[in-house]
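Now for the letters of each chain:
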Amino acid sequence: SWVILAVSFIFRFHTLNAHNILKSFLPISFNGYWFITVYFFLYLIHPVLNQLIKVLDKKKYLFLLLVGFMYLFVFATFFRNNTAGSGDTWITLVYVYFLGAYIRKYDLVSYFKDKKVWLVIGIGIQLVLMVMSIIAINYVQAKGIMGFNPRHYAALIMGNSPFQLIMSTLVFLLFANIRIKHNKLINLYASATLGVYMMHTNYLTKDIIFDDIVKMQRFENSYTIILEIAVALVLYFILANIDLLRQKLFNKVEVKIVNNISKQLDRINVIFTNYVNKK
């Protein structure tokens, strides 16, 4: 975030103001990256969540997941209930954390080991439902029943879509049961995933990448899906190489800095804990 801000200063590719600069210096506090922000919060509270996961029995745990599913996904999508938030909130990520813990606690990966066909069928059904929703929206808009709104198209594929949650869970269970041989090249490029995310979603770069360079709207009436896949692959390859270069040049320095800060925080934590215990 700081490096991108510095580059922006040098090449002046974005209009900067006090808020933009603060957002780059403190990306978690000012929500520079929604995922990093909510993940950081989740990291702080996960020990408490783990304690709750340990004491919940299967019936109560399942009840918690069902109520959360109805409220965060069904209500948010079909009833447009704003109190349910969006897929970019910490409460949604906490729900996904609970869902993942349920899969692990009751070993659903082993349960679906011999049911890969059903997982594939389930994934196919979710895809069909998503595509049919877009066709249905096109139809009702063409008939003048409903006005045009780009958000209607995204309703069933956004973070709070029940179809997206179900499909991603099924995809996880499917691949968790597929043994893939170690591949050094794949693992190398996989290590750059977070860097790619932070580069292409940064508020100073995303408009330049997608609006000024890629310009996907030019291909709106052509083979959009094929082009989107091609753009995603090329974009990932370019940004991943930038991050791999960063890793090679700065990883050792970064690790030293982080370790030093961590040691100081540990000392503060010990002092605070001892003080509380004495009280």
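For the structure itself, consult the block above.
This text gives an overview of the structure that appears in the document. The structure presented is a predicted model; accordingly, all values stated were derived computationally and were not measured.

**So, the pattern of salt bridges**
Under the counting rule described, the total for this entry stands at two salt bridges. With a closest N to O distance of 2.9 Å, R246 and D243 form a salt bridge. Of this pair, R246 and D243 both sit in helix 13 (residues 224-278), three residues apart, roughly one helical turn. On the accessibility criterion, R246 (29% relative accessible area) is partly exposed. Within the structure, one salt-bridge network assembled from shared partners comprises D243, R246 and E254.

**Remarks on the layout of surface pockets**
There is about 1,800 Å³ of room inside the largest pocket. In terms of lining, the largest pocket is formed by 38 residues, of which the most central are S1, V3, M198, R246 and E254. Breaking the lining of the largest pocket down by element, the ones donating at least two residues are helix 1 (2-11), helix 11 (193-200), helix 12 (206-214) and helix 13. Of all the elements, helix 13 adds the most residues to the lining of the largest pocket, at 18 residues. Across the lining of the largest pocket, the residue classes tally to 30 nonpolar, five polar and three charged.

**Some remarks on a nonpolar patch on the surface**
Residues I28, F40, F41, L44, W90 and I91 make up a contiguous nonpolar surface patch of about 540 Å² in total accessible area. Among the secondary structure elements, those contributing two or more residues to the nonpolar patch are helix 3 (34-55) and helix 5 (90-105). Top element by residues in the nonpolar patch is helix 3. It accounts for three residues. Along the polypeptide, I28 turns up in the loop between helix 2 (18-25) and helix 3.

**Some remarks on the nonpolar core**
Within the largest apolar cluster, 19 residues are counted, with the highest numbers of intra-cluster contacts made by Y61, L65, F69, F73, Y95, F98 and L165. Of all the secondary structure elements, the ones that give two or more residues to this core are helix 3, helix 4 (58-78) and helix 5. For this core, the element with the highest residue contribution is helix 5, accounting for seven residues. Excluding its chain neighbours within four sequence positions, the residues that come into contact with Y95 are L65, G68, F69, L72, F73 and L165.

**Thoughts on helix 5**
Its 16 residues place the ends of helix 5 22 Å apart at the C-alpha level, agreeing with the 22 Å of an ideal helix rising 1.5 Å per residue. Within helix 5 the residues assigned to the buried category are T92, L93, V94, Y95, F98, L99, A101, Y102 and I103. In this fold, the buried residues of helix 5 make contact with helix 3, helix 4, helix 6 (108-111) and helix 9 (162-176). The positive-phi residue at the C-terminal boundary of helix 5 is D107, with phi of around 50°.

**Quick look at the packing of aromatic side chains**
Counted according to the given criterion, the structure contains 17 aromatic pairs. Measuring from centroid to centroid gives 4.9 Å for F41 and W90, while their planes differ by 65°, and the two rings are edge-to-face. Taken together, the positions of F41 in helix 3 and W90 in helix 5 put the pair 49 residues apart, joining distant regions of the chain. Overall, F41 belongs to the partly exposed group, its relative accessible area being 32%.

**Here's the deal with the packing of helix 1 against helix 2**
Two numbers describe how helix 1 lies on helix 2: the axes approach to 8 Å, and their chain directions differ by 145°. Crossing handedness for the pair helix 1 and helix 2: left-handed. Contact residues: helix 1 offers W2, L5 and F9, while helix 2 offers I21, S24 and F25. Tallied by class, the residues present in the contact of helix 1 with helix 2 amount to five nonpolar, one polar and no charged.

Reading guide: rules and limits
- Residues numbered from 1 in each chain as written.
- Predicted model: local features only at pLDDT ≥ 70, side-chain atom pairs only at ≥ 80, totals over all residues.
- Heavy atoms only, no water.
- Salt bridge = Lys/Arg side-chain N within 4 Å of Asp/Glu carboxyl O.
- Helix = DSSP H or I, 4+ residues; strand = E, 2+ residues; numbered from the N terminus.
- Buried < 20%, exposed > 50% of the residue type's maximum accessible area, 1.4 Å probe, protein only.
- 1 Å grid on protein atoms, 1.4 Å probe; cavity = no way out; pocket = protein on both sides within 12 Å on 5 of 7 lines; lining within 4 Å.
- Points joined across faces, edges and corners; volume = space filled by probe spheres on them.
- Nonpolar A, V, L, I, M, F, W, Y, C, P; charged D, E, K, R; others polar.
- Patch = residues over 30% accessible without salt bridge, like charges linked within 9 Å, V, L, I, M, F, W, Y side chains within 5 Å.
- Areas by Shrake-Rupley, 256 points an atom, 1.4 Å probe, with all protein chains shown as cover.
- Core = buried A, V, L, I, M, F, W, Y, C linked by side-chain atoms within 4.5 Å.
- Contact = heavy atoms within 4.5 Å.
- Expected span 1.5 Å × (residues − 1).
- Phe/Tyr/Trp six-rings, centres within 6.5 Å; stacked < 30°, edge-to-face > 60°.
- Axes fitted to C-alpha atoms, helices over the stretch in contact; angles between N-to-C directions.
- Left-handed = near helix turned anticlockwise from the far one by under 90°.

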